[in-house]
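Coordinates in review
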Amino acid sequence: MLFAAALVLLVGGLAGPAAGLSEARAAAKQAGQPGLPALNASGAPGASMVTEADGDLRLELDAGISFDRKEVQRQIDEDAERNPLLSDTIRDQLEKYPVGISDDPKAERLDFDGTVRIEGDTGLSLTVPASEVQTAESWKQYFFAWGMGYLVTYQTTGYCLVFFPELAIACPTLGSFTGGLIRGLITQAFNHELGDSKAYTKTFLDALKKAFWSHAQARMLAWLEKAVPGLLNAYKTALRNVVISWARTAANWVADRAEEIASLLPDGIAEWGPPPVSALSTVMVVGDSISNGFEGDYTWRYRLWQWSREQHWGAQFVGPLSGTTAPDKPEAPKPPPPLEDEPPSGTGPRIPRGEYARGVEAAFLNNGSGHYAMWGRRLEQNVPTIKPVMEDMKARGQLPDVLLVELGFNDIGWLGAGADLTERMKQFIDNARKANPDIHLVLANVPQRTTLGSANPDLGKRTRAYNAALSAQVKEWSTPASPVAIADIDKAMGCDPSATSCDTTYDGLHPNNLGEYRIARAFATTLHREFGIGTAPPTDAVEVAERVVGTPENVEFDGTQQGVTLTWDKVFGVHGYQVQWRDITADPGGEWRWAFPVTNRWDMSRQYYGQIFAGHRYELRVRAASGDTVKSAWSDITGGTARPTTPDYPRNVDAGAGPGGGIVQWDPPTGDHSDGITAYAIYLWSQDATIGIVKSFSVSGTTTIAGFPRMPAGDYIVMVAAWNQSGEGKIALSDTITFD
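Only a predicted model underlies this, so the values are computations on that prediction, with no experimental measurement involved.

The rules behind each value
- Every chain is numbered independently, its residues counted from 1 as its sequence is written.
- For a predicted model such as this one, the threshold for reporting local features is a pLDDT of at least 70, and the threshold for listing and counting side-chain atom pairs is 80 or more; totals across whole chains, interfaces and linings nevertheless cover every residue.
- Water and hydrogen atoms play no part in the side-chain values, which are based on all heavy atoms of the structure.
- Starting at the N terminus, helices and strands are each numbered in turn, a helix being any DSSP run of H or I of at least four residues and a strand any DSSP run of E of at least two.
- Exposure classes here rest on a 1.4 Å probe applied to the protein chains alone. A residue is buried below 20% of its type maximum, exposed above 50%, and partly exposed in between.
- All accessible-area figures derive from a Shrake-Rupley calculation using a 1.4 Å probe, and residue coverage is judged against the displayed protein chains alone.
- By definition, disulfides here are pairs of cysteine sulfur atoms that lie within 2.5 Å.
- Put simply, a salt bridge is a Lys or Arg side-chain nitrogen that is within 4 Å of an Asp or Glu carboxyl oxygen.
- A helix is expected to span 1.5 Å multiplied by its residue count minus one.
- Following DSSP output, two strands are said to pair if at least two bridges run between them.
- Geometry is summarised by axes, namely lines fitted to C-alpha atoms with helices restricted to the contacting stretch, and by angles between N-to-C directions that run from 0 to 180 degrees.
- Oblique is the label for every angle not falling under 35 degrees (roughly parallel), over 145 degrees (roughly antiparallel), or within 65 to 115 degrees (roughly perpendicular).
- For a crossing to be left-handed, the near helix must be turned anticlockwise from the far one by less than a right angle; the clockwise case is right-handed.
- Every residue pair with non-hydrogen atoms within 4.5 Å of one another is taken to be in contact.
- Only Asp, Glu, Lys and Arg are considered charged in this grouping, and only Ala, Val, Leu, Ile, Met, Phe, Trp, Tyr, Cys and Pro are considered nonpolar; every other residue, Gly among them, is considered polar.
- By arc we mean the arc of the directions from the helix axis to the C-beta atoms, nothing more.
- Aromatic pairing here means that ring centres of Phe, Tyr or Trp (its six-membered ring) are within 6.5 Å. Orientation follows from the plane angle: under 30 degrees is stacked, over 60 is edge-to-face, and everything else is tilted.
- Two conditions define a charge sitting above a ring: the NZ of Lys or the CZ of Arg must be within 6 Å of the ring centre, and it must be within 35 degrees of the ring normal.
- Buried residues of nine kinds, namely Ala, Val, Leu, Ile, Met, Phe, Trp, Tyr and Cys, make up a nonpolar core once their side-chain atoms join them within 4.5 Å.

Describing the overall build of the protein
Summing up its helical and strand segments, the protein has 21 helices and 25 strands in all. In the protein, buried positions account for 54% of the 740 residues. Put simply, the protein shows about 32100 Å² of open surface, and 49% of that area lies on carbon and sulfur atoms.

Printed below as a string of structure tokens:
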């Protein structure tokens, strides 16, 4: 193990050439440094020294190799802000990471302030100003032990972060334990009190095991392979240059104990085995599109599953569903549904049957992808369904004992809920407990979405209100048998509701590759801290591969049917497409106009583009898009002549508005393709609204009159189009009508 090897080199270097005790003191006195160790002062890389200038005491440690200077500097700054004295910071660290070696009680009175600095690319220094330096020999011994241990802490942490960044969550702990061991060994060497190496080793290993159990075997081996030979040689050079001439006997004692401890570490680490399995073993994710994911996503559920395996938590992820949401299949245009009091049948939740990203492990697909999350799902919809779903899982032998709940955005975003949504969440919890009284729940708060502008100006405010109310009430809902905790995915995603983009999403709300890691980390952190699962949450993803999408192929133009139809092969893993088109008959070389289909087919729609003109030639191209930022290259330009086979204008359109609603009537179209009419579409265009069409519906192809409900006050134009098997025909407009 690299840790064992590093420890041998780290503390074994203390056994270098040394003079006798009396000689050391004499040399120190002659140098004007009473009671100080006389160290190698060459200043060369790999050297370490203690110097005194103008009364200031300075300890330097240089291992001769680069470490993560930015992260080490951040830790130094945090330590300086946290405590008034440097000795307090060191003492706090020693108390947090005990290694089984006690200090002399006198050391508790060791108080001093000072500064720690990074020296060049490879060194560290600790300086105590003259006003803080004490003259007692014992004080300087303790200072040397504490200071050397503290610098070793920083350097070991920095090396760990450079050579194995995947171990970042454990690197500070590894550094602290290593520094603490060095400090303790030096202190006890000075006091001639070195104890039993086996006892030290056991305590040290137990402490490390708690800190990063799941990383310590396979990942330590990987670290060893990655860092050798440079890291080992650098440690050897640096630590063997810590030449203590204070006392040959003390130096040899430290070296002897260090060698014994290091020799015991590999076998001790190898005997750890996997950590104990949590009693919580069956997990169900309950959520909306954020949890469901779209075809080609990894999903945060997969990232959490990966963490559970790394932590040797053998949880089974269950649920009645297993896929992501698949994109719609390309279809020919259809008229809007009939005008009814209730939505037509068949508009329920989309059942997830989409595929995951190509890189998802087969083990997850086979036995880890179960869930209960659906696109567009609201919390209010799950209140009555959670109990029967859990009972159905129980009948399969898969009753969840943990629910990870991510719901609420659709209630807030589209139904105007706010803080009052907590009432629904409490009902959800009560119903879940009816199926399993011992259910453990992790409730995600609702992530902020980037701005929707005037379309939903209060979304951010309502989201904040709900999150605050949820946080305030969770403790009241929690019971010893059925604890409830919060996963702060809003903080994890970090989106600003006043911004137009967010680095963790692909569209302002749904997580991209980075966002998936962030949400998984938020849930894992809560599972670890609140329910004791795993040895540590996953590290924060620093570099995440960006999604890559292919360019559409086999792009074809069809000028029949509605007149302008573009089709292409489906591109896997995209959330939609972007089409550019232009009428080169009306405006040769004109600017491109845009369309945003969600499937691999686009038909020009008359009501939005004021087209199509028979006999005109059109040019088009398409590219794939995954959200707002990830896009493919454009396809080659294709095109052709529009020759639509749809009906002509309905004639004599006449509309009116009154207190009870509106009415529109028309005469059927005449001319080519005007027989075989299957339906008429009616669109109400608001002249006051930014979105234009505010209502649409259809009536039978044999009808020439239709009523519609009263609309909000304002001016409207009624648009009527006839449909046949080829699609939608030309649109006729009424005069302006007004609802008071």
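Don't stop here, the text continues.
Some words on the state of the cysteines
In this structure the tally under the stated criterion is one disulfide. Note that Cys495 is cross-linked by a disulfide to Cys502, the S-S spacing being 2.1 Å. For the disulfide bridge between Cys495 and Cys502, the dihedral angle about the S-S bond is near -85°, and by the sign convention the bridge is left-handed. Cys502 matches Cys495 in its accessibility class, with the two residues each being buried.

Looking at unusual backbone geometry
With glycine set apart, most residues show a phi of negative sign, and most peptide bonds adopt trans. Not every positive phi belongs to a glycine, and Asp54 is a case in point at roughly 55°. Among the secondary structure elements, Asp54 is positioned in the loop between strand S1 (48-53) and strand S2 (56-62).

Quick word on the pattern of salt bridges
Across all of its chains, the model carries 16 salt bridges by this definition. Across the salt bridge formed by Glu619 and Arg582, the nearest N and O atoms sit 3.1 Å from each other. Taken together, the positions of Glu619 in strand S16 (residues 617-626) and Arg582 in strand S13 (residues 576-583) put the pair 37 residues apart, joining distant regions of the chain. Exposure remark for Arg582: the relative accessible area of 16% places this residue in the buried category.

Observations concerning helix H17 (residues 421-435)
With 15 residues, H17 ought to run about 21 Å at 1.5 Å a step, and its terminal C-alpha atoms sit 22 Å apart, in line with that. Listed as buried for H17 are Leu421, Thr422, Met425, Phe428, Ile429, Asn431, Ala432, Arg433 and Ala435.

Section: the sheet that holds strand S11 (residues 556-558)
Sheets are built from strands that pair by backbone hydrogen bonding, the pairs being arranged parallel or antiparallel. Spatially, three strands are ordered S11-S12-S15 in an open sheet, and the strand pairing comes out antiparallel. Only two strands of the sheet have a single neighbouring strand rather than two, namely S11 and strand S15 (601-603). Each adjacent strand pair in this sheet contributes to an overall mean axis angle of 15°, direction not counted. Across three bridges, the pairing between S11 and strand S12 (residues 565-567) is antiparallel. Within the sheet, the bridge partner assigned to Phe557 lies in S12 and is Leu566.

Regarding the sheet that holds strand S25 (residues 727-739)
The sheet built from four strands is open, its strands ordered S22-S21-S24-S25 with antiparallel pairing. Two strands close off the open sheet at either side, each with one partner strand: strand S22 (693-700) and S25. Recorded for the sheet is a direction-independent mean angle of 20° between the axes of neighbouring strands.

Description of the packing of helix H15 (residues 386-395) against H17
Look at H15 against H17: their axes get within 8 Å of each other, and the N-to-C directions meet at 25°. As judged from the angle between their axes, H15 and H17 are roughly parallel. Like other packed secondary-structure pairs, H15 and H17 cross with a definite hand, here right-handed. Between H15 and H17, the contacting residues are Ile386, Lys387, Met390 and Glu391 on the first element and Phe428, Asn431, Ala432, Lys434 and Ala435 on the second. In the contact of H15 with H17, the residues fall into five nonpolar, one polar and three charged.

Some words on helix H3 (residues 69-82)
Look at H3: 20 Å from first C-alpha to last across 14 residues, which is about the 20 Å you get at 1.5 Å a residue. Three or more residues of H3 are buried, namely Val72, Gln75, Ile76 and Asp79. Buried residues along H3 cover an arc of 100° about the axis, so they all sit on one side. Of the exposed residues in H3, those oriented more than 90 degrees away from the buried face are Lys70 and Glu81.

Considerations on the pairing of strand S24 (residues 714-724)
Burial of S24 is extensive: ten of the eleven residues sit out of reach of the surface. For strand S21 (residues 679-686) and S24, the ladder comprises eight bridges, and the chain directions are antiparallel. Looking at S24, one finds that Ala681 is bridged to Ala721. Relative to S25, S24 runs antiparallel, the two sharing nine bridges. Bridge pairing links Ile717 to Thr736 in S25.

Notes on the packing of aromatic side chains
Geometrically, a pair of aromatic rings is defined through the distance of the ring centres and the angle of the planes. Tallied over the entire structure, the rule returns 18 aromatic pairs. Members of the aromatic cluster, connected to one another through ring pairs, are Tyr298, Tyr302, Trp305, Tyr356 and Phe364. A cation over an aromatic ring shows up here: Arg303 above the ring of Tyr298, its NZ or CZ 4.2 Å from the ring centre. Taking NZ or CZ as reference, Arg582 lies 3.9 Å from the ring centre of Trp592, over its face.

What to know about the nonpolar core
Leu403 and Phe428 are the most contacted members of the largest nonpolar core, which has 70 residues in total. For this core, the leading source of residues is helix H20 (residues 513-531), giving seven residues. Residue contacts for Leu403: discarding those within four places in its chain leaves Met284, Val286, Ile386, Met390, Phe428, Ala432, Ile439, His440, Leu441 and Val442. Ile76, Leu86, Leu124 and Ala145 belong to the second largest nonpolar core, which has 31 residues in total.

Some words on the packing of H17 against helix H18 (residues 459-477)
The packing of two helices is summarised by the inter-axis angle and the distance between the axes. At a minimum axis distance of 9 Å, the contact between H17 and H18 shows a crossing angle of 35°. With respect to the hand of their crossing, H17 and H18 are arranged in right-handed fashion. On the side of H17, the interface is formed by Leu421, Thr422, Met425, Lys426, Ile429 and Arg433, while H18 contributes Tyr466, Ala469, Leu470, Gln473 and Trp477. Classifying every residue of the contact of H17 with H18 by side-chain character gives seven nonpolar, two polar and two charged.

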